[in-house]
Amino acid sequence: MYRVKQVSQALTAHIDADEEQELARILAPSQHDLFRRMAPNDQRHSVNVYATLRQTEHDQTDLLVAALLHDVGKSAGRIWLWQRTLIVLLQQWAPGLLTWLSRGASQTQAPWWRKGFVLNRLHPELGARWAADVGC
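For every chain, the first residue of the written sequence is number 1, and numbering continues from 1 along that sequence. Per-residue local features of the predicted model are confined to residues with pLDDT of at least 70, and side-chain atom pairs are confined, for both listing and counting, to 80 or more; whole-chain, interface and lining totals are unaffected and use all residues. To get the side-chain values, all heavy atoms of the structure are used, and hydrogens and water are removed first.

So, on to the environment of Leu101. Put simply, DSSP H or I for four residues or longer makes a helix, DSSP E for two residues or longer makes a strand, and each gets a number counted from the N terminus. Within the fold, Leu101 resides in helix H7 (residues 95-101). Put simply, Leu101 and Arg114 are 13 residues apart on the chain and 6.2 Å apart in space, counted from C-alpha to C-alpha. Every residue pair with non-hydrogen atoms within 4.5 Å of one another is taken to be in contact. Excluding anything up to four places from it in sequence, Leu101 contacts Leu90, Trp113, Arg114, Phe117 and Val118.

Given below as structure tokens:
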């Protein structure tokens, strides 16, 4: 049931006006531009992580910015909902198969149906590079 709720939330994800104001307060303009590159469901997830940190009284700016930008590398391409679902299931039940689906040096070299899996594997490195480029 939890995963069904996650899918529903991903399909209806949005950031409200108060959250946008908070983003503008915590993110530098170039960092906010990076945040806006993400798909709405990735933005929502990042804001949820940020909110969890705030609720547990974390207030270090670098940590909060990292929470907001931790998935920005996923914006280098598209990870379809069916791929996201499989990634979650395979991480739990068949990590070797996920490794096989994710193989390759870049998503451009992968067949269309594997590009999202490759991007999922590469997104931390891509996001870290982009974040460093904007002063993180």
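Let us now look at the environment of Ile79. Its place among the elements puts Ile79 in the loop between helix H5 (61-69) and helix H6 (81-93). By relative accessible area, Ile79 is classed as buried at 6%. Discounting residues that sit within four places of it in the chain, Ile79 has contacts with Lys74, Arg84, Ile87, Gly116, Leu119 and Asn120. The classification of residues rests on relative accessible area computed with a 1.4 Å probe and restricted to protein chains. Under 20% of the type maximum is buried, over 50% is exposed, and intermediate values are partly exposed.

Before going further, it helps to examine the packing of aromatic side chains. For Phe, Tyr and Trp, rings pair up if their centres lie within 6.5 Å, where Trp contributes its six-membered ring, and each pair is then called stacked (planes under 30 degrees apart), edge-to-face (over 60) or tilted (otherwise). Tallying each qualifying case throughout the model produces two aromatic pairs. For the pair Trp82 and Phe117, a centre-to-centre distance of 6.0 Å together with 75° between the ring planes defines the contact as edge-to-face. In this pair, Trp82 is assigned in helix H6 and Phe117 in helix H8 (residues 115-133), connecting sequence segments 35 residues apart. Residue class for Trp82 comes out partly exposed when judged on its relative accessible area of 40%. Residue classification places Phe117 among the buried residues on the basis of a relative accessible area of 1%. A ring pair is formed by Trp100 and Trp113, whose centres lie 6.4 Å apart and whose planes are at 40°; its orientation type is tilted.

So, about the side chain of Ser102. Along the polypeptide, Ser102 turns up in the loop between H7 and H8. Ser102 gets classed as buried once you look at its relative accessible area, which sits at 4%. N or O atoms within 3.5 Å of each other form a polar contact, as long as, within protein, one can give a hydrogen and the other can take it, and as long as residues adjacent in sequence are counted only when both atoms are side-chain atoms. Within polar-contact distance, the side chain of Ser102 engages the backbone oxygen of Leu98 at 2.7 Å. What Ser102 contacts, discounting residues up to four positions off in sequence, is Arg114, Phe117, Val118 and Arg121.

For the rest of this paragraph, the subject is the packing of helix H2 (residues 17-26) against helix H3 (residues 29-37). Lines are fitted to the C-alpha atoms to define the axes, a helix being fitted only along its stretch in contact, and any angle between axes, read from their N-to-C directions, falls within 0 to 180 degrees. Between H2 and H3, whose axes approach to 8 Å, the crossing angle comes to 135°. Judged by the inter-axis angle, H2 sits oblique to H3. Across the interface between the two elements, Glu20, Leu23, Ala24 and Ile26 from H2 touch Gln31, His32 and Phe35 from H3. Only Asp, Glu, Lys and Arg are considered charged in this grouping, and only Ala, Val, Leu, Ile, Met, Phe, Trp, Tyr, Cys and Pro are considered nonpolar; every other residue, Gly among them, is considered polar. The class makeup of the residues in the contact of H2 with H3 is four nonpolar, two polar and one charged. Should an angle fall under 35 degrees it is called roughly parallel, over 145 degrees roughly antiparallel, and 65 to 115 degrees roughly perpendicular, with every other angle called oblique.

Here the focus is a nonpolar patch on the surface. Exposure above 30% relative accessible area and no salt bridge define the residues that can form patches, which grow by joining like charges within 9 Å and nonpolar side chains of Val, Leu, Ile, Met, Phe, Trp and Tyr within 5 Å. To measure how exposed things are, a 1.4 Å probe is used in the Shrake-Rupley method; for residues, cover is taken only from the protein chains shown. For this document, the term salt bridge refers to a Lys or Arg side-chain nitrogen within 4 Å of an Asp or Glu carboxyl oxygen. Among the surface-exposed residues, Trp80, Trp82, Leu86, Leu89, Trp93, Leu97, Trp100, Trp112 and Trp113 lie close enough to one another that they form a single nonpolar patch of about 1,100 Å² accessible area. Within the residue set of the nonpolar patch, elements represented by two or more residues are H6 and H7. You can see Trp93 is positioned in helix H6.

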